[in-house]
Every structure is written in structure tokens, then in C-alpha cells.
Amino acid sequence: MTASALVLAMSFMAGSAQAGAVLDRIMANKTLTVATDANWAPQSFVNDQNELDGFDVDVAKGIGKYLGVDVKFVTPGWDIITAGHWQGRWDMHVGSMTPTKEREKVFDFPAVYYYTPAAVAVHKDSKATKLSDLDGKVVGATTTSTFEAYANHDLVLDAAGAPAFTYQFTPDQVKSYANSSTAFDDLRLGDGTRLDAVLSSLPSILDAQKAGYPIRQLGDPVFYEPLAVAIEHGDPELKEKIAAAIADMKADGTLGKISVKWYGVDYTTTK
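Source: prediction; values computed, not measured. (Residues numbered from 1 in each chain as written. Predicted model: local features only at pLDDT ≥ 70, side-chain atom pairs only at ≥ 80, totals over all residues. Heavy atoms only, no water.)

## Digging into the pairing of strand β6 (residues 92-97)
Working step 1: With 6 of 6 residues buried, β6 is to be regarded as a mostly interior element.
Working step 2: With 2 bridges joining them, strand β1 (residues 31-35) and β6 adopt parallel strand pairing. Residue Ala-35 lies in a different strand from β6, and its bridge partner there is His-93.
Working step 3: Across 2 bridges, the pairing between β6 and strand β12 (residues 215-232) is antiparallel. By the bridge assignment for β12, Met-97 is matched with Ala-228. (Buried < 20%, exposed > 50% of the residue type's maximum accessible area, 1.4 Å probe, protein only. Helix = DSSP H or I, 4+ residues; strand = E, 2+ residues; numbered from the N terminus. Pairing = 2+ DSSP bridges.)

## Section: the pairing of strand β8 (residues 112-123)
Working step 1: Across the 12 residues that make up β8, a large majority, 12, are buried.
Working step 2: Summarising the sheet, β8 and β12 pair through 10 bridges and their orientation is antiparallel. Considered in β12, the bridge of Val-122 is made with Arg-216.
Working step 3: The pairing of β8 with strand β11 (residues 197-201) spans 4 bridges and is classified as antiparallel. From the neighbouring strand, Ala-119 faces β11, where its bridge partner is Ser-200.

## A word on the packing of helix α2 (residues 21-29) against helix α8 (residues 236-251)
Working step 1: Between α2 and α8, the shortest axis-to-axis distance is 6 Å and the interhelical angle comes to 65°. Residue-level contacts link Val-22, Leu-23 and Ile-26 of α2 to Glu-237, Leu-238 and Lys-241 of α8.
Working step 2: Taken together, the residues of the contact of α2 with α8 sort by class into 4 nonpolar, no polar and 2 charged. (Axes fitted to C-alpha atoms, helices over the stretch in contact; angles between N-to-C directions. Contact = heavy atoms within 4.5 Å. Nonpolar A, V, L, I, M, F, W, Y, C, P; charged D, E, K, R; others polar.)

Structure (C-alpha cells):
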């Protein structure tokens, strides 16, 4: 009985240590390693000082500040991030990921930190006047993103608080891109040259317009998505800490101020 009790106690301690392994590593190293995109302004991008900047970057830094640790950024591809099996290469993803039931098989989503409208951009010379004019056209979107899923009529938004949506156009072809910026690069070549439209976040479309891209928004946003911090399964303590950090940033107004700084609008609520 004594031996059995000892085995059970050791198993319990091992399970407890495993449960907080990522948080333990973060606190021991005083460094939180965050995966995000290097080319998705204004969410995240490399600025003139060759440093990562943007809304998602500031949110990640806020979480690091709450934990009392430094933040280190890495920029793997979106498809690599969403595939999971991070194997300790980074601790957390702050890169506007939509929490879905399918993704919950791989990730925990400690907190939704903002809601963004998804919209369609066309070249300024496009003759399209409404979204249904894109029926039978070629539309670009980031690979494995909710934008690509919408264009393929395969989008599932089953996170709490996600507004309902309808499909407003049916493309003939959906072209996949590593990120929205490369899709905009093809769209800027001319109406129908490589693309007829790009489906992306409205903030990214507006940022591309500010950067001089000859594009315009077509119609109203097609859907609104809640976007969350993501971590892999297995560390409930880290999940609780991140949730507490986001709650604290919402309560003291920090999160709303970061949104207004980068978007001119507070996207952190559904109002």
C-alpha cells in the first residue's frame, strides 16, 4: 500500500509539473517567445528600425509585461503555426487567429482580444460595383485562413460571440497566398491581370490603401471574426495567466487604446 501510494504521489507530481511546463520555462528564462506574422500590417510588420511593430505585437508585449518577462518574436509561416506541433519553438501565438472547434483540437484559446471585419478589395479600375459581381472571378486570400475558407464557401465561425454571415459571391478560382500583402501585390498589377479581388481583414485593406496601393473596398464587410491568443494544449496555468492578462488590459483600457492607435477604431468590443 505504501509503494502504491508513493507511485500515485509521484504520478501526481509529474502530471502537475507537466501541466505548467511551458509557463515554468517562460518564468525561468524570463522570456516569452511569441509567433506572429512579419508582413501583415497593421497587425504585425517590420518597421523602419527593422523591428516588429503593430497591433498584435503591442498586445503580445502587454501580456509579457503582465507576466513580468521579456518578449521575443519569431515569424514562422501561417500554415506552420496553424499546423501545431510547435515543439517548444515558441510559447504563444498572437497573430489574429480565429478560434474554431476544429482548431480547438490542437490549441487552447485563453482569450479573444478583438473582433475584426473581413472585407473585399478590388483594383481601383475594377468595374465591380457589388460583391455579387465577383461571381466567376479569381479571388486571392491567405492560405488556411478564414478568408480563404469564406471564398471557398467553407467557413465555420463557431466561437462564442461570432456574428452570423452569408456568402455573397462565388468565385471561379480562389488563389492561395502566404499573406495578404503578396495578394495585394498581385492585385495592384491591374484589374484581372492576376486577380479580380482579395479577401482580407478590413484594417489590412485600409493600410494597403494608405501605402499607395491602387485598390478600393467593395461593398460592406462580409463577416466579423473574434480573434484570440493561441497556445498548444497542456498548460492550464499558462492559459489562466494569459486570460488574466487580457482581462486586465481590457479593464484598464490598455487594449482599447492599442486598437485605436493602430486602427483608429476600438475593435476590442462588439459594439
